[in-house]
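# A look at the structure
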Amino acid sequence: MAPAAMRTAARSLSDAKPVSFWLDDPGRPEALPALTGDEHCDLLVVGGGYSGLWTALLAKEREPERDVVLIEGHETGWAASGRNGGFCAASLTHGLPNGLERWPAEIAKLEELGASNLDAIEAAVARYSIECEFERTGEIDVATQPHQLEELREWHQEAERHGFGGAEFLDRDALRAEVDSPTFLGGLWDRSGVAMLHPAKLVWGLKQACLDLGVRIYEHTRGLEMARTGTGMAVRTPYGKVLARRVALGTNIFPSLVRRVRPYTVPVYDYALMTEPLTEDQLAAIGWKNRQGLGDSANQFHYFRLSADNRILWGGYDAVYPYGGRLSAGLDQRPETFLKLAGQFFECFPQLTGLRFSHAWGGAIDTCSRFSAFFGTAHQGRVAYAAGFTGLGVGATRFGADVMLDLLSGERSERTALEMVRTKPMPFPPEPFAWAGIELTKRSLARADSNGGHRNLWLRTMDRLGLGFDS
């Protein structure tokens, strides 16, 4: 970055608050009391993010008389569910290309289930009057390099050959008529498969819906260990324990109470900035009238969108894996990444030079080697889990909740019959091999971005093995 550009980026960050914009909201509800003593229930849900909240809500919708308890180690939505970009996608497979490569025989069914899942989220938002700024504006995959444009064009043609013709190809002029950046060369617009929303308000709305249906929620209540007891399970907490017939684990990046699941995920720290609200003139300068979400097509990609009050969220690019997979609040702030992101923002939108960022934040998400969620059971079917959503959990966690409830019921369903549900990704190796492999992959992806998309021997080998690393 040139010195002048670096100074501009640094000035834009001088007043940024080191917290998630979404969680920095006066409507944030007060935390509920922690569990003290013993609780008994039919279903215990561990984790108060999207995964756990959807599981508790759907369990009560399926069986209103079912006694459901949810425990959360901090506050509902404080982690990935409250600091993501607010892209709620229909895809269950981290995009159609990834799904078509991994599950070609059932991709049509997966796409159908994903579309139904997004429709169900929209219906639930309306049914429970969740004011989460839900806008089904779609998303544009943007090419900023010639090889990316050719790849998007080829993918669009391949998708149509397979009968998936929902995306519209935009050439340079058509794309810049939607959102104007001198870096844009073209794109693919999925008009209906992605919604924008306020992620924290979705969490808080789901929490209230659960409470209204009779779910008992305990915050600041970590699940410390789990063991079988009689015909059920016992989960110990700091000040008590919960005895439950069945348990659903929605802890995602945090260490699973089923130890054998832990090697399947690694934490990736993702970072984002939020601007101050744009003026009418600033918004007109970039022409962003239809409020789509956008993401560029690089391996090290950016995602960006408008908030309800016309701020721009700008995130992505760096995906930081800490050695040993350690989780630390100290990693939530990374000034070198924020400076890099700010500089890249003004390269994309030079019309907005002088705009300032109001918030800068980061945090860990769970990723797995196939980029999309995996599922399973433990303790002879008394426990179910879902994890590995790899940045696409705003929408796919609701599907994962349905899968966990299906698995706990013990009955075969359309969802549990899927190969995607019945199989697991490749686990990550122990250290130091995990760190070395991830670092080599990241560096290789960066070189591919600067070398016309050419994938070196390491990446080609990873492709053949069906392995990867992504945020």
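In case you missed it, the structure is sitting above this.
Summary of the structure given here. (Residues numbered from 1 in each chain as written. Predicted model: local features only at pLDDT ≥ 70, side-chain atom pairs only at ≥ 80, totals over all residues. Heavy atoms only, no water.)

## Thoughts on the overall build of the chain
Across its full length, the chain holds 14 helices and 18 strands. Radius of gyration (C-alpha) of the chain: 22 Å, near the 23 Å computed for a compact globule of 471 residues. A principal-axis box enclosing the C-alpha atoms of the chain has dimensions of 65 × 45 × 45 Å. Split into buried and exposed, the 471 residues of the chain put 55% on the buried side. Of the contacts made within the chain by residues no fewer than 6 positions apart, 76% connect residues no fewer than 24 positions apart. (Helix = DSSP H or I, 4+ residues; strand = E, 2+ residues; numbered from the N terminus. Rg over C-alpha atoms; globule rule 2.2 N^0.38 Å. Buried < 20%, exposed > 50% of the residue type's maximum accessible area, 1.4 Å probe, protein only. Contact = heavy atoms within 4.5 Å.)

## A look at the environment of R356
Residue placement: R356 occurs in the loop between α10 (335-348) and β16 (357-367). According to the relative accessible area criterion, R356 is partly exposed, its value standing at 29%. Residues R356 and T8, spaced 348 residues apart in sequence, show a C-alpha to C-alpha distance of 9.6 Å. Not counting residues up to four positions away in its chain, the partners in contact with R356 are R11, S12, S14, D15, T275 and E276. Looking at R356, its side chain comes within polar contact range of the side chain of D15, at 3.2 Å. (Polar contact = N/O pair within 3.5 Å; in protein donor to acceptor, adjacent residues only side chain to side chain.)

## So, the pairing of strand β15 (residues 312-316)
Burial analysis of β15 places 5 of its 5 residues in the buried class, the great majority of the element. Relative to β15, strand β12 (residues 266-275) runs antiparallel, the two sharing 3 bridges. Residue A272 lies in a different strand from β15, and its bridge partner there is G315. Sheet analysis places strand β14 (residues 302-306) next to β15, joined by 5 bridges and oriented antiparallel. (Pairing = 2+ DSSP bridges.)

## Concerning unusual backbone geometry
Peptide bonds are trans in most cases, and residues, glycine excluded, mostly fall at negative phi. Backbone torsion omega between E431 and P432 reads 5 degrees, so that peptide bond is classified as cis. Residue placement: P432 occurs in the loop between α12 (419-422) and α13 (433-449). At E133, a residue that is not glycine, the phi angle is positive and equals roughly 60 degrees. When you line up the elements, E133 lands in the loop between α5 (107-127) and β4 (139-143). Residue class for E133 comes out partly exposed when judged on its relative accessible area of 27%. Phi angles above zero are rare outside glycine, and R291 is one such case at about 60 degrees. Inspection of the secondary structure puts R291 in the loop between α9 (280-286) and β13 (293-296). Look at R291 and you get buried, because its relative accessible area is 17%.

## Some points on the nonpolar core
Ranked by internal contacts, the top residues of the largest apolar core, which has 73 residues, are L43, W54, F134, L202, L206 and F375. Examining the composition of this core, we find that 8 residues originate from one element, helix α11 (residues 393-409), more than from any other. Core analysis: the second largest hydrophobic core is formed by 36 residues, A9, I140, L273 and I312 among them. (Core = buried A, V, L, I, M, F, W, Y, C linked by side-chain atoms within 4.5 Å.)

## Some remarks on the packing of α5 against α11
At a closest axis distance of 9 Å, the pairing of α5 and α11 adopts a crossing angle of 100 degrees. Comparing their axes, α11 and α5 come out roughly perpendicular. Counting all contacts with α5, which are made through L113, N117, A120 and I121, the residues of α11 involved are V394, G395, A396, R398 and F399. A class-by-class count of the residues in the contact of α5 with α11 yields 6 nonpolar, 2 polar and 1 charged. (Axes fitted to C-alpha atoms, helices over the stretch in contact; angles between N-to-C directions. Parallel < 35°, antiparallel > 145°, perpendicular 65-115°, else oblique. Nonpolar A, V, L, I, M, F, W, Y, C, P; charged D, E, K, R; others polar.)

## Some thoughts on the packing of aromatic side chains
For the structure shown, the criterion picks out 19 aromatic pairs. Taken together through their ring pairs, the aromatic side chains of F184, W288, F304, W314, F345, F346, F349 and F357 make up a single cluster. When the ring centre of W54 is taken as origin, the NZ or CZ atom of R398, which lies over that ring, is 5.8 Å away. (Phe/Tyr/Trp six-rings, centres within 6.5 Å; stacked < 30°, edge-to-face > 60°. Lys NZ or Arg CZ within 6 Å of the ring centre and 35° of its normal.)

## Points about helix α1 (residues 3-12)
Inspection of α1 places T8, A9 and S12 among the buried residues, and these make up the whole buried set. Seen from one end, α1 has its buried residues packed into an arc of 95 degrees, which puts them on one side. Residues of α1 that are buried sit in contact with α10 and β16. (Arc of directions from axis to C-beta.)

## Side note on helix α6 (residues 146-161)
Here α6 spans 23 Å end to end across 16 residues, near enough to the 22 Å set by a 1.5 Å rise per residue. For α6, every residue scored as buried is listed here: H147, Q148, L149, L152, W155, H156 and A159. Where the residues of α6 are buried, they touch α4 (96-102), β4, β5 (167-170), β6 (186-190) and α13. (Expected span 1.5 Å × (residues − 1).)

## A few points about the sheet that holds β14
Read from one edge of the open sheet, 8 strands run β5-β6-β4-β13-β14-β15-β12-β16, paired in mixed fashion. At either end of the open sheet lies a strand with only one pairing partner, and these are β5 and β16. This sheet shows a mean twist of 20 degrees between the axes of neighbouring strands, independent of strand direction. The sheet contact formed by β5 and β6 spans 4 bridges and is antiparallel. Its bridge partner being in β6, L170 is matched across the sheet by G187.

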